[in-house]
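Structural overview
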Amino acid sequence: MEYRKFDDKIIARIDKGEEILEQVKNIALKENIKLANINALGAVGEFTVGVFKTGEKKYYANEFKGDFEIVSLTGTINTMNGEFYSHLHMSAGDIEGKVFGGHLNKAIVSATCEMIIYVINGEVDRYKDEDIGLNLFKF
Amino acid sequence: MEYRKFDDKIIARIDKGEEILEQVKNIALKENIKLANINALGAVGEFTVGVFKTGEKKYYANEFKGDFEIVSLTGTINTMNGEFYSHLHMSAGDIEGKVFGGHLNKAIVSATCEMIIYVINGEVDRYKDEDIGLNLFKF
Amino acid sequence: MEYRKFDDKIIARIDKGEEILEQVKNIALKENIKLANINALGAVGEFTVGVFKTGEKKYYANEFKGDFEIVSLTGTINTMNGEFYSHLHMSAGDIEGKVFGGHLNKAIVSATCEMIIYVINGEVDRYKDEDIGLNLFKF
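Summary of the structure given here.

Calculation notes
For every chain, the first residue of the written sequence is number 1, and numbering continues from 1 along that sequence. Going through the entries in the order they are written, you letter the chains from A and number the ligands from 1. Local features in this predicted model are restricted to residues whose pLDDT is 70 or higher, and side-chain atom pairs enter the listing and the counts only when it is 80 or higher, whereas totals over whole chains, interfaces and linings include all residues. Values reported for side chains reflect all heavy atoms of the structure, with hydrogen atoms and water molecules removed beforehand. Whether two residues touch is decided by their heavy atoms; if any such pair falls within 4.5 Å, the residues are in contact. When two parts are put together, the accessible area they lose, computed with a 1.4 Å probe and summed over both, is reported as buried area. Salt bridges are counted wherever a side-chain nitrogen of Lys or Arg sits within 4 Å of a carboxyl oxygen of Asp or Glu. Any pair of nitrogen or oxygen atoms within 3.5 Å is treated as a polar contact; in protein, a donor-acceptor pairing is required on top of that, and neighbouring residues in sequence qualify only through side-chain atoms on both sides. The numbering of helices and of strands both runs from the N terminus, where a helix is a DSSP run of H or I of at least 4 residues and a strand a run of E of at least 2. All residues other than Ala, Val, Leu, Ile, Met, Phe, Trp, Tyr, Cys, Pro, Asp, Glu, Lys and Arg, Gly among them, are scored as polar; the first ten of these are nonpolar and the last four charged. Least squares is the method used to superpose the copies, on C-alpha atoms of residues holding a pLDDT of at least 70 in both. Classification of ring pairs rests on two measures: the distance between centres of Phe, Tyr or Trp rings, Trp counted by its six-membered ring, which must be within 6.5 Å, and the angle between planes, read as stacked under 30 degrees, edge-to-face over 60 and tilted in between. For every residue, the accessible area obtained with a 1.4 Å probe (protein chains only) is divided by the maximum for its type, and the residue is called buried under 20%, exposed over 50%, and partly exposed between those limits. Placement of a positive charge over a ring is assigned whenever Lys NZ or Arg CZ falls within 6 Å of the ring centre and within 35 degrees of the normal to the ring plane. Cavity means a closed set of points on a 1 Å grid over the protein atoms alone, one where a 1.4 Å probe fits but cannot get out, pocket means an open set with protein on both sides within 12 Å along at least 5 of 7 lines, and lining means a residue has an atom within 4 Å of a point. Grid points are joined across faces, edges and corners, and a volume is the space filled by probe spheres set on the points.

**Some thoughts on the interface of chain A and chain C**
Of the residues lining the interface, 33 residues belong to chain A; the matching set on chain C comes to 40 residues. Here chain A and chain C share an interface that buries about 2,900 Å² over both sides, 63% of which is from carbon and sulfur atoms. Scanning the region where chain A abuts chain C turns up 2 salt bridges. For C:R126, the salt bridge goes to A:E114, with nearest N and O atoms at 2.8 Å. Between the two partners, chain A and chain C, sit 15 residue pairs in polar contact (both at pLDDT 80 or more). Those elements that provide at least two residues to the side of chain A that touches chain C are β1 (2-6), β2 (9-15), β3 (36-53), β4 (58-80) and β6 (99-119) of chain A. Counting residues per element, the side of chain A that touches chain C draws most heavily on β6(A), at 7 residues. Among the residues making up the side of chain A that touches chain C, the classes are represented as 14 nonpolar, 7 polar and 12 charged.

Listed below in structure tokens is the structure:
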């Protein structure tokens with residue numbers, strides 16, 4: 001992974017074999033990012049996306065392997081108890097163009113991933129909402 | 001729904017049971033937004049997305065219910081005759097990760113929705129294009 | 001196609017019958033854009049999206065025709081050897097809301113396409129990576 005920062009925007013290239021969530025964390029820690037929005041495209045060979053069953057307050061995971069093109073990868077970087085936190089959702093098209101996606105648990109880059117991080121000048125923390133069963137933005 | 005503004009960016013949390021298009025309108029009116037781009041992720045339990053049949057100049061609606069993860073939610077806020085106007089498209093993955101989407105008519109949040117609104121310092125109005133059958137950007 | 005620039009953001013309307021990649025190039029050349037991120041929505045009647053087979057280092061194309069709503073269109077404008085280069089991925093929902101997408105080769109607008117281009121104040125070139133078989137960001 002390599003990146004450059006231009007004012008409040010970071011452009012990154014995540015490389016073959018690297019895991020996307022780990023690289024987002026690497027960039028965020030190095031640049032001390034407290035709040036940001038992420039946008040990316042690229043190709044992955046393996047990814048796991050979850051879907052939250054609201055009734056059970058539990059994530060179920062779907063795993064995919066093969067040649068996939070990321071068609072959406074969007075999310076936020078912020079903090080929980082002042083520490084790094086990221087939340088990404090992704091979808092990707094398979095060899096026939098069919099698209100699958102959800103809450104991103106893991107994605108291994110197969111060719112390249114091009115990411116833009118819009119750093120926001122502020123802070124938003126999270127709290128665990130027991131009713132919902134998720135960590136939500138605390139304002 | 002709650003939100004905070006940081007310079008030209010708004011970060012919002014839309015809550016369980018709330019409808020996304022209504023909350024976008026609430027934020028836009030409170031903040032007097034004339035032009036913006038929207039990006040979001042989250043989970044919805046019910047949504048309706050349309051597809052425009054260009055031959056008939058009519059939208060057809062597809063309704064979905066269940067546990068869905070928003071994988072893309074993108075759109076614009078601007079004005080028509082000076083009044084608030086929004087245009088959003090959304091896609092979401094179901095329990096198996098299959099993704100469905102289109103022109104957003106309605107989406108009820110099931111857990112949370114995290115939205116970033118990029119406010120643009122300008123104005124673009126719309127006009128009804130009779131040939132196309134839609135309200136288009138007027139420059 | 002028509003557009004307006006507001007500070008570092010460009011809002012464009014791409015019209016019926018126009019091809020999206022060509023119009024992105026038109027805007028980038030007129031505005032002398034060296035680096036940017038793109039986000040768009042709209043409707044297309046015909047599009048071709050590729051998937052890169054990493055083993056063969058070759059793109060395979062899937063073609064779609066009909067009434068489709070763009071649910072994600074994201075990508076980058078930058079340079080290769082100093083010349084314009086764009087890289088877009090797109091997904092779109094069909095008449096039943098099923099979503100298809102991948103690396104964008106071609107997309108013909110059927111109604112309208114609303115695009116936001118975030119111009120970034122910097123430059124990133126590309127190099128041909130022989131191992132991967134693609135043109136990657138050079139930092």
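Read on, since the account is not over.
**Some remarks on the relation of the copies chain A and chain C**
One chain copy maps onto the other through a rotation about an axis and a shift parallel to that axis. Of the two same-sequence chains, chain A is brought onto chain C (RMSD 0.0 Å, axial shift 0.0 Å) by a rotation of 120°. In symmetry terms, the pair is related by a three-fold rotation axis. Closest approach to the rotation axis among the C-alpha atoms of chain A is made by A:V99, whose C-alpha sits 3.3 Å away.

**Section: the packing of aromatic side chains**
This model, assessed by the stated rule, comprises 21 aromatic pairs over all chains. Both rings, one in A:Y118 and one in B:Y118, keep their centres 5.4 Å apart while their planes meet at 65°; by these two values the pair is edge-to-face. Note that A:Y118 is positioned in strand β6 and B:Y118 in strand β6 (residues 99-119), a pairing that runs across two chains. Residue A:Y118 is classed as buried on the basis of its relative accessible area of 4%. Plain terms: the ring middles of C:F64 and C:F68 are 6.1 Å apart, the flat faces sit at 70° to each other, and that makes the pair edge-to-face. Neither residue differs from the other here; C:F64 and C:F68 are each classed as buried. Taken together, the ring pairs in this structure connect A:F47, A:F64, A:F68 and A:F100 into an aromatic cluster. The aromatic ring of A:Y60 is capped on one face by A:K53, whose charged end is 4.4 Å from the ring centroid.

**As for the layout of surface pockets**
Its volume calculated, the largest pocket comes out at about 230 Å³. Around the largest pocket sit 19 residues that line it, and A:Y59, A:Y85, A:H87, A:H103 and A:L134 are the ones nearest its centre. Broken down by secondary-structure element, the contributors of at least two residues to the lining of the largest pocket are β5 (83-93), β6 and β8 (134-138) of chain A together with β3 (36-53) and β6 of chain B. When grouped by side-chain class, the residues that make up the lining of the largest pocket number 9 nonpolar, 7 polar and 3 charged.

**Looking at the interface of chain A and chain B**
Counting residues at the interface gives 40 residues for chain A and 33 residues for chain B. Carbon and sulfur atoms make up 63% of the area that chain A and chain B hide from each other, which totals about 2,900 Å². By the criterion of area lost to chain B, the three top residues of chain A are A:H89, A:F137 and A:F139, representing 22% of everything that side buries. Counting across the interface, chain A meets chain B through 2 salt bridges.

Just distances and angles here, no functional claims.
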